[in-house]
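Inside the fold
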Amino acid sequence: MKTLILGAGYAGLAVATKLKPTPDMDTLLIEQNAYHTFETRLHEAAAHNTRVTLPLAPLLRGTGVNLEQAQVEGVNLDDKEVTLKDGRILTYDTLVVGLGSVTNFYRIPGLSENATELKQLSDADEIFNFVNRAYSSDYRGNRDIVVGGAGLTGVELVTELAQRAALLTKERGLPPFKIHLVEAGPKILPVLDDALRGKAMRTLEEYGINVLVGHRLMQATADSVTVQQADGTQIVIPAGKIIWTGGIQARDIVSGQNIEKGPGGRIVVDEYLRVKGYEDVFVVGDMGLALNQEGKPVPTTAQHAGQQGRLTGKNLMRRSRGEDMEAYEPTTLGEFVSLGGLMAVGWMKLPWNQKLAMTGGLAHVMKRASEWRWRVSID
């Protein structure tokens, strides 16, 4: 049985590392990079040049999975073909699609052309390099940063950038740049409750970050953004760097006559994470639209991608042994938001659907613990 796994993000890598060498399985992992990126820590790389990657080859030892470094151009489920960017066409008996998401710019004029994303290592490098240039003695341009989107990524990024700016100001004697966090919705961090959100907001204010909730980004140029306030008036904010973290959508790379898609272009899957109408095709991570026990879409988070990947890996092994597969039952173990340094806020799940709220150093430890659990799960 020839199995292809597309993508080595949280979901795809979890699939691959759950496999074992099996006589009836010929498994190939297709990934454009030779490393896995901890996407949930890209904000640290952007501010501090922190290492956030792991080489793939050592992680695949003992799995029976071979690695092919290539970029996927398209997937045709009706013909059971995967087209690579170099022109090669691969066929499969079983397919696992974990190609993740792309940034959704919501057709805002000038945004895709002028804003930096934070989806991969090169984006983090670009932001880190800008900060260094902005603190060089011969820099003459605008040094301020506008970040669009006050979800997890946006909030974690601005706090790390504020810490980096404070450090460079102390080292080089230059004033800190201004950081503007623009959010169209009425509040930051909608995944948190009011008490934790309030703590996060106070932390942002202590950093001196200009938080603009209820401000819709209308247009971007090379050196400014235009935002609309709640009363309909518009203001222009000059910026040396514009960063957009305001939304994602599924990668539009899979075709098939029977595919059903939901919000954000996510592909509808069944209880085993298979594409409806294509029982040999699994979609995991951001691209798949799985439902929880209440019939609601599972969030596009790293913890859920990892859960889906681990289950799919186990189900592939069950299929190879002729055993029944296990249905997907998602669980949210908690949610923690880094606020720079040793500061974080969040909650963890307790028995009987209770939540334990945490702030400060303990929340930081729990966030690191969740990352450690992920690291252990792929070894």
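Our subject is the structure listed above.
A brief report on the enclosed structure follows. Since the structure is predicted, the reported quantities are computational estimates derived from the model, not experimental observations. (Residues numbered from 1 in each chain as written. Predicted model: local features only at pLDDT ≥ 70, side-chain atom pairs only at ≥ 80, totals over all residues. Heavy atoms only, no water.)

1. Examining the sheet that holds strand E11 (residues 145-148)
Spatially, four strands are ordered E13-E12-E11-E17 in an open sheet, and the strand pairing comes out parallel. Across the chains shown, the open sheet's two edge strands, defined by having one partner strand only, are strand E13 (210-213) and strand E17 (241-244). In this sheet, neighbouring strand axes are inclined to one another by 15° on average, regardless of whether the strands run parallel or antiparallel. Pairing between strand E12 (residues 179-183) and E13: four bridges, direction parallel. For Leu181, the partnering residue across the bridge sits in E13 and is Val211. (Pairing = 2+ DSSP bridges. Helix = DSSP H or I, 4+ residues; strand = E, 2+ residues; numbered from the N terminus. Axes fitted to C-alpha atoms, helices over the stretch in contact; angles between N-to-C directions.)

2. Side note on unusual backbone geometry
With the exception of glycine, most residues fall at negative phi, and the peptide bonds are largely trans. At Lys80, a position not held by glycine, the phi torsion is positive, near 55°. The backbone phi angle of Leu189 is positive, close to 45°, even though this residue is not glycine. When you line up the elements, Leu189 lands in the loop between E12 and helix H7 (194-207).

3. Observations concerning the layout of surface pockets
Taken as a whole, the second largest pocket holds about 160 Å³ of empty space. Lining the second largest pocket are Gln307, Arg310, Leu311, Lys314, Glu326, Ala327, Tyr328 and Glu329. Residue classes in the lining of the second largest pocket are distributed as three nonpolar, one polar and four charged. (1 Å grid on protein atoms, 1.4 Å probe; cavity = no way out; pocket = protein on both sides within 12 Å on 5 of 7 lines; lining within 4 Å. Points joined across faces, edges and corners; volume = space filled by probe spheres on them. Nonpolar A, V, L, I, M, F, W, Y, C, P; charged D, E, K, R; others polar.)

4. Looking at the side chain of Glu160
As for its position among the elements, Glu160 is in helix H6 (residues 152-172). Within the structure, the side chain of Glu160 is placed 2.7 Å from the side chain of His48, a separation counted as a polar contact. The residues touching Glu160, leaving out its near neighbours within four places in the chain, are His43, Glu44, Ala47, His48, Ser338, Gly340 and Gly341. (Polar contact = N/O pair within 3.5 Å; in protein donor to acceptor, adjacent residues only side chain to side chain. Contact = heavy atoms within 4.5 Å.)

5. Quick word on the pairing of strand E7 (residues 81-84)
When a strand is regular, its side chains alternate between the sheet's two faces. A one-sided burial pattern is seen for E7, the buried positions being Val82 and Leu84 and the unburied ones Glu81 and Thr83. Sheet topology note: the strand E6 (residues 72-76)/E7 ladder contains four bridges and is antiparallel. The partner of Asn76 across the bridge, within E7, is Glu81. Where E6 folds back onto E7 in an antiparallel hairpin, the turn is made up of four residues, including Lys80, whose phi is positive at roughly 55°. In terms of strand pairing, E7 meets strand E8 (residues 89-91) through three bridges, oriented antiparallel. Bridge pairing in E8 links Val82 to Leu90. Hairpin connection from E7 to E8: four residues lie between these consecutive antiparallel strands, with Gly87 at a positive phi of about 100°. (Buried < 20%, exposed > 50% of the residue type's maximum accessible area, 1.4 Å probe, protein only.)

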